[in-house]
Amino acid sequence: MSNLSCAIVGLPNVGKSTLFNALTRKQIPSENYPFCTIDPNIGIVEVLDRRLDALSEQSKSKKIMYATVSFVDVAGLVKGASQGEGLGNQFLSHIRETDAIAQVVRCFEDSDVIHVAGKVDPIQDIEVISLELILADLQMAENSLSRMEKQAKGKKELLPTVEFLKKAVDHLNQSLPMRALTLTPEEEKVAKLYPFLTRKKMLYICNVSENDLPSMNNPFVERVKEYAAKEGSRVIPICAKIEEEISRLDEKDAEEFLMSLGLNESGLSRLIKETFSLLDLITYITSGEIETRAWTIHKGTPAAEAAGKIHSDIEKGFIRAEVVTYDDMMRCHGRVGAKETGKARSEGKEYIVKDGDVILFFHN
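Residues numbered from 1 in each chain as written. Predicted model: local features only at pLDDT ≥ 70, side-chain atom pairs only at ≥ 80, totals over all residues. Heavy atoms only, no water.

(A) Up close: the overall build of the protein chain. Scanning the protein chain from terminus to terminus reveals 14 helices and 12 strands. Residue burial in the protein chain is summarised as follows: out of 364 residues, 51% are buried. As presented, the protein chain carries roughly 18000 Å² of accessible surface, and 52% of it is formed by carbon and sulfur atoms. (Helix = DSSP H or I, 4+ residues; strand = E, 2+ residues; numbered from the N terminus. Buried < 20%, exposed > 50% of the residue type's maximum accessible area, 1.4 Å probe, protein only. Areas by Shrake-Rupley, 256 points an atom, 1.4 Å probe, with all protein chains shown as cover.)

(B) Structural detail: the pattern of salt bridges. Overall, the coordinates contain 22 salt bridges when judged by the stated rule. Of the charged contacts, one joins Arg50 and Asp53 as a salt bridge, the two residues approaching to 3.5 Å between their closest N and O atoms. In this pair, Arg50 and Asp53 are both assigned in helix 2 (residues 50–59), three residues apart and thus about one turn of the helix distant. Overall, the relative accessible area of 55% leaves Arg50 in the exposed class. Note that Glu251 is salt-bridged to Arg50, the shortest N-O span being 3.1 Å. In this pair, Glu251 sits in helix 9 (residues 251–260) while Arg50 sits in helix 2, placing the two residues 201 residues apart along the sequence. By relative accessible area, which is 54% here, Glu251 ends up exposed. Members of the salt-bridge network, linked through shared partners, are Asp49, Arg51 and Asp355. (Salt bridge = Lys/Arg side-chain N within 4 Å of Asp/Glu carboxyl O.)

(C) Broad picture of the sheet that holds strand 4 (residues 67–73). One open sheet holds the six strands; their spatial order is 2-4-1-5-6-7, and the pairing between them is mixed. The open sheet is flanked by strand 2 (41–47) and strand 7 (234–238), the only strands paired with a single partner. Geometrically, the sheet is characterised by an average inter-axis angle of 25 degrees between neighbouring strands, direction not taken into account. Here strand 1 (residues 4–9) runs beside strand 5 (residues 100–106); their pairing, made up of four bridges, is parallel. Bridging across to strand 5, Ala7 finds its partner in Ile101. Across the face of the sheet, helix 1 (residues 16–24) comes into contact with strand 1, strand 2, strand 4, strand 5, strand 6 (201–207) and strand 7 while running at roughly 45 degrees to strand 2. Running over the sheet, helix 4 (residues 122–152) touches strand 1, strand 5 and strand 6 and is turned about 145 degrees from strand 5. (Pairing = 2+ DSSP bridges. Axes fitted to C-alpha atoms, helices over the stretch in contact; angles between N-to-C directions. Contact = heavy atoms within 4.5 Å.)

(D) A look at the packing of helix 1 against helix 8 (residues 240–247). Where helix 1 meets helix 8, the axes come as close as 8 Å, and the angle between the chain directions of the two elements is 30 degrees. Between helix 1 and helix 8, the interaxial angle falls into the category roughly parallel. Crossing of helix 1 over helix 8 shows left-handed handedness. Counting all contacts with helix 1, which are made through Thr18, Leu19, Asn21 and Ala22, the residues of helix 8 involved are Ala240, Lys241, Glu243, Glu244 and Ser247. (Parallel < 35°, antiparallel > 145°, perpendicular 65-115°, else oblique. Left-handed = near helix turned anticlockwise from the far one by under 90°.)

(E) A look at the environment of Tyr326. Within the secondary structure layout, Tyr326 lies in helix 13 (residues 326–331). Judged by its relative accessible area of 17%, Tyr326 falls in the buried class. Separated by 275 residues in sequence, Tyr326 and Arg51 place their C-alpha atoms 7.4 Å apart. If we skip the residues at most four places from it in the chain, Tyr326 touches Arg51, Ala54, Leu55, Gly356 and Val358.

(F) Inspection of the environment of Lys349 at higher detail. With respect to the helices and strands, the residue Lys349 is situated in the loop between strand 11 (345–347) and strand 12 (357–363). For the pair Lys349 and Ala321, spaced 28 residues apart in the sequence, the C-alpha separation amounts to 7.6 Å. Contact partners of Lys349, with chain neighbours within four places excluded, come to Pro302, Ala303, Ala304 and Phe318.

(G) Just the side chain of Ser144, in detail. In this fold, Ser144 is placed in helix 4. On the basis of relative accessible area, Ser144 is assigned to the buried category, the value being 5%. In contact with Ser144, other than residues within four places in its own chain, are Leu165 and Tyr194.

(H) Highlighting the confidence of the model for the protein chain. Taken residue by residue, the protein chain gives an average pLDDT of 88. The fraction at 70 or more is 89%. The model gives residues 26–38 a pLDDT under 50, and that stretch makes 38 contacts with residues more than four places away or in other chains. (pLDDT = per-residue confidence, 0-100.)

(I) View of unusual backbone geometry. In this chain, Leu213 is followed by Pro214 through a cis amide linkage whose omega measures -5 degrees. Within the element layout of this structure, Pro214 appears in the loop between strand 6 and helix 7 (219–231). In this structure, Lys60 takes a positive phi of about 55 degrees despite not being glycine. Looking at where Lys60 falls in the secondary structure, it is placed in the loop between helix 2 and strand 3 (63–65). Phi at His333 takes a positive value of approximately 55 degrees, unusual for a residue other than glycine. Along the chain, the position of His333 falls in the loop between helix 13 and helix 14 (335–340).

(J) Just the pairing of strand 6, in detail. Across the seven residues of strand 6, six count as buried, placing the element largely inside the fold. Here strand 5 pairs with strand 6 via seven bridges, running parallel. Bridged to Arg106 within strand 6 is Asn207. When strand 6 meets strand 7, the two strands line up parallel, connected through five bridges. Its bridge partner being in strand 7, Tyr204 is matched across the sheet by Val235. As a crossover connection, the stretch from strand 6 through helix 7 into strand 7 is right-handed. (Right-handed = clockwise from strand over helix to strand, strands pointing away.)

This is the structure:
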């Protein structure tokens, strides 16, 4: 996992392209009409991490390599997208390749920005998109099932796949997303072979108006929170308009502007953290004169597998990992000081790497 990717979806005119502009500082058109975004715009954003800055200073590193997140901004979905309405089919194929979905939901009233359905109703918006994703999954499951049933006539080992696909089709036919379907460990393995859109983790981004700052709460946001809680999804309120303004400022001015609004961090920074957390991701760090770098891994990854992120040879020839926590690196003024005070631990290949571990791998 060198680069996490998150699809940004939403109905037309909910503030999706405005948010994307802010995220990536890419000035893509965000005119007030549907379908102004045709090809997926991809923006790679650095996950700024103060720990890397501090370690880089300590190691006198020549460069810093932050973790990154790719945000994929896809054409505004409309009702009927799964049948090819609007730019539906193109849109759906772009989402299949991402790790998570962030749905921008309009939670503000503004007579100047026309809502595609004529009125602001965040739950209805969520349900329109949810249904399109379910219908796209249903189409894929039905096609796969008819193919598999033919193949399974001569191959008994394909029967579990057929059973799983039947279960998926029944479930999707009730207009329920795949993440709400309980699977056995065997079914879980089969499910991984199919890129179901509705199995991806979902994050709802409530786009609020400037009047809702700094609390970023209003009755629309409350309704989205209630809806998300029922399906175990997360919610993050953001004011896309303010984020776009912040993205044009340098770091010092941006900090002052945020403070003047009563905010202590940007929505972008909260969104990236939430996306990381949503996918159970953490970073460990390597630091030396050449570079200080963050490596993205899943929570629960053992040391040898984490080493493989750097190079497969390090995983194969793994001997041990010398681990110092970030806090100990700071307190002991580096690895040498950490060793002298007994804060550098020698760990084997089964050691479970923690977020912020600063690691030196020894290998053949």
